[in-house]
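Observations on the model geometry
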Amino acid sequence: MATVHGNPFQLHKAGRDTEETWFTRLDPRAKLLGILTFVITGAILTSTDLLLAALVLAAALAAASRVSAWNLAKAYIVALPFILLASVSLFIFTGPVQGANMVIRVSTCVLALLVLVNGTETFDLFLGLRRLKVPAVLTTLVMLTYRYVLLISEELDRMRIARKARGFSGGKSLLDRYGLRVLSYTAGMLLVRSSARADNIYEGLKMRGFREDMAAWRRRTMASADFAFLGLFLAASGALITIQLGVVP
Amino acid sequence: MHIPDGLMDPTVAAIGLIEFAAIVSVAIVVSRRSLREKDLPRVAMLSAGIFVAQMLNFPIGGGTTGHLVGGALFAIMVGPTFAIIGMTVILLIQALMFGDGGITAFGLNALNMAIIAPLVGWGVFNLMKPLVGRTGRIGQGVSVGTAAWASVFVAAAACAAEMAVSYAISGGTYGIAATVSVPAMLGFHAVIGVGEAAISAGVVTYLEHVSPETFSRRAAANPSSSGRKGVLRSTTLRASGAVLLVLALALPFYFLYAAEGRDGLEQTMEDAGVTEGAQLANSPFTYGQNYFGALFSGIIGFVAVSLAMTGIMRALDGRRAADEM
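Residues numbered from 1 in each chain as written. Chains lettered and ligands numbered in written order. Predicted model: local features only at pLDDT ≥ 70, side-chain atom pairs only at ≥ 80, totals over all residues. Heavy atoms only, no water.

As for the overall build of chain A
Per the secondary structure count, chain A includes 10 helices and 0 strands. Taking all contacts inside chain A whose residues are at least 6 apart in sequence as the whole, residues at least 24 apart take part in 79%. (Helix = DSSP H or I, 4+ residues; strand = E, 2+ residues; numbered from the N terminus. Contact = heavy atoms within 4.5 Å.)

Here you go:
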């Protein structure tokens, strides 16, 4: 199994379409704008009440979107060391309230972002970014890279199996020269293969008339449900910000 | 090292975003022409390669594992501009596909891992190469390893500093106090860096054996540098530039800290009950009384020093060229 930094589940899942719900069917632009505004709002809140309100909203979103709770939990655990280090240190240095606030704040933001990420088909998300005027160079690179990551990680899986078959078990420590050499040759081989492949892929792209930008096949317009979703999140974020600025001058 | 949303003070996050946007725009503009051509799929493929290489866990000992950052390796392979763009793409995918690293903190994450790490890695590698270049493969391994270790260590230091500044200027609402963040981040990444160094050096050695064109292709495609000495000199200059740029990126954070937080010397003096006496002489310039004053004087000072350095280097260059004629 390939692992992306400790969340191993998504790479395999991401190739397939996510399960269809009302949330996955929303226009990616509405989702991106709405949830990102909400995340940014969450990051500036400092009063416990407002943070709790934001957390409730994020949890409600998570429940309503019917994104697999298991996936959310797994991805949340990846961010946990940072959250714990930050809140424990605040707990000790500035007091329990600030420590608790930190846990709530980071959890709210992480949860909302994870719902967006897990509940949107990958290429939809890229197209949303593209249509929100993120530079074409970046979005095209992101799309191509993501496509290649799926290819190369399969390659890595095969190499891992081959390594295992020859009795390699991952090395013991940083002093294990043999283990590190095997790992670095694996990484080197990955790069050689990807570099060799890049040339072929370029020829292939050119054949199909590729010119620095990828035109989207899918065209969609914002429907009323999209506007409702966007409106709800913009309004909620606006309200939270206004109260925050009123409460803490 | 992926900072989640909500951990950093909004001001610090905003500065991170601004710096990141500025540097990445420059990188894109500089490499736009070549990106339109064959390099686009190449950068994408290498980013994918580094992305997957980051999934390789190496053992640290005692059952724990670390993984590659790859910024130095990327920069050594294809140069800093492509590395900055490629690492940014990797981080975008990690944030948007896997929720790994936040949106408001994206600027800071990209600054640490997509800008500082490649720049430091590339700079250190190119500064060390002339020193140890004659010792052949071992020298190369040493310079790649040192560059990789430095890239991870400096990126971790930047991350720790950002957290400490967040803590100081928010009065304990955001961030992590320096007494925790600095030892934790630096200690952990000093060890992780050893793995990064060993693997990066191994990868470069492997690539030189198996597929030397991964390096030479770029060098051959770059006709502007002629003659071995000219290449060496200009690369050294540019490598120093990369290291200076990293320092410049740190300036706004430092001034934010200095303006809002307390200066170490002032704190010590207050603790000891000493007050500052009358000044012996007035400096013609002041540091400014607030954040922006301090920031601007800092930037002006930095630009002045950089210009002076470039001037001196140019002058030396010119004289040497004249001697050769």
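Here the narrative resumes.
Brief notes about the interface of chain B and chain A
In this assembly, 77 residues from chain B lie in contact with 78 residues from chain A. Approximately 6800 Å² of surface area, both sides summed, lies buried where chain B meets chain A, with 78% of it carried by carbon and sulfur atoms. Ranking the residues of chain B by area buried against chain A places Met45, Met55 and Phe98 of chain B at the top, with a combined share of 11%. The interface formed by chain B and chain A contains 0 salt bridges. Taken together, the links from chain B to chain A amount to 3 residue pairs in polar contact (both at pLDDT 80 or more). Breaking the side of chain B that touches chain A down by element, the ones donating at least two residues are helix 1 (10-53), strand 1 (57-61), helix 2 (71-78), helix 3 (80-98), helix 5 (137-169) and helix 6 (178-210) of chain B. Element by element, the count of residues in the side of chain B that touches chain A is highest for helix 1 of chain B, at 21 residues. Of the residues that constitute the side of chain B that touches chain A, the class distribution is 48 nonpolar, 21 polar and 8 charged. (Buried area = accessible area lost by both parts, 1.4 Å probe. Salt bridge = Lys/Arg side-chain N within 4 Å of Asp/Glu carboxyl O. Polar contact = N/O pair within 3.5 Å; in protein donor to acceptor, adjacent residues only side chain to side chain. Nonpolar A, V, L, I, M, F, W, Y, C, P; charged D, E, K, R; others polar.)

Some thoughts on the packing of helix 8 (residues 136-165) of chain A against helix 3 of chain B
Relative orientation of the contacting elements helix 8 of chain A and helix 3 of chain B amounts to 70 degrees, with a least axis distance of 9 Å. On the basis of the axis angle, helix 8 of chain A is roughly perpendicular to helix 3 of chain B. Taking contact as the criterion, the partners of Leu138, Leu141, Val142, Thr145 and Tyr146 of chain A in helix 8 of chain A are, on helix 3 of chain B, Ile85, Val89, Leu92, Ile93 and Met97 of chain B. Here the residues of the contact of helix 8 of chain A with helix 3 of chain B are counted per class, giving 9 nonpolar, 1 polar and no charged. (Axes fitted to C-alpha atoms, helices over the stretch in contact; angles between N-to-C directions. Parallel < 35°, antiparallel > 145°, perpendicular 65-115°, else oblique.)

Description of helix 3 (residues 28-44) of chain A
Quick reminder: α-helices carry 3.6 residues per turn. Residues three or four places apart thus point the same way. Residues and elements named next belong to chain A. With 17 residues, helix 3 ought to run about 24 Å at 1.5 Å a step, and its terminal C-alpha atoms sit 24 Å apart, in line with that. Burial runs high along helix 3: 13 of the 17 residues are buried. At the N-terminal end of helix 3, a side-chain oxygen is found 2.8 Å from the backbone nitrogen of Arg29, two or three residues along, and the residue is Asp27. (Expected span 1.5 Å × (residues − 1). Buried < 20%, exposed > 50% of the residue type's maximum accessible area, 1.4 Å probe, protein only.)

Some words on the confidence of the model for chain A
Of all residues in chain A, 86% have pLDDT values of 70 or greater, and the mean over the chain is 79. Across chain A, the secondary-structure element scoring lowest on mean pLDDT is helix 1 (residues 9-14) of chain A, at 44, and the one scoring highest is helix 3 of chain A, at 89. (pLDDT = per-residue confidence, 0-100.)

Here we look at the confidence of the model for chain B
In the predicted model, chain B carries a mean pLDDT of 78, and 75% of its residues have values of at least 70. Every residue in residues 216-229 of chain B is under pLDDT 50, and counting partners more than four places away or in other chains gives 7 contacts.

Things to note about helix 4 (residues 48-65) of chain A
Residues and elements named next belong to chain A. The end-to-end C-alpha distance of helix 4, which contains 18 residues, comes to 25 Å, matching closely the 26 Å that a straight helix rising 1.5 Å per residue would cover. What helix 4 keeps buried is the set Leu50, Leu51, Ala54, Ala58, Leu61, Ala62 and Ser65. Projection of helix 4 onto a plane perpendicular to its axis shows the buried side chains occupying an angular sector of 120 degrees, all on one side. Exposed residues lying more than 90 degrees from the buried face of helix 4 are Asp49, Val56 and Ala63. Arg66 sits one or two residues past helix 4 and shows a positive phi near 55 degrees. (Arc of directions from axis to C-beta.)

Here's the deal with the environment of Ile241 of chain A
Residues and elements named next belong to chain A. Along the chain, Ile241 falls in helix 10 (residues 224-247). When its relative accessible area of 23% is taken as the criterion, Ile241 is described as partly exposed. Sequence-wise, Ile241 and Gly42 are 199 residues apart; in three dimensions their C-alpha atoms are separated by 8.8 Å. Not counting residues up to four positions away in its chain, the partners in contact with Ile241 are Thr41 and Ile44.

Topic: the nonpolar core
Grouped together as the largest cluster of nonpolar side chains are 163 residues, with contacts concentrated most on Tyr148 of chain A together with Leu7 and Ile115 of chain B. With 19 residues, the top contributor of residues to this core is helix 1 of chain B. Residue contacts for Leu7 of chain B: discarding those within four places in its chain leaves Phe82, Ala86, Met102 and Val106 of chain A together with Met163, Tyr174, Gly175 and Ile176 of chain B. (Core = buried A, V, L, I, M, F, W, Y, C linked by side-chain atoms within 4.5 Å.)

What to know about the pattern of salt bridges
All names here are of chain A. The tally for this structure, following the rule as stated, stands at 2 salt bridges over all chains. A salt bridge links Asp27 to Arg29; the shortest N-O distance between them is 3.2 Å. As far as burial versus exposure is concerned, Asp27 and Arg29 are alike and both buried.

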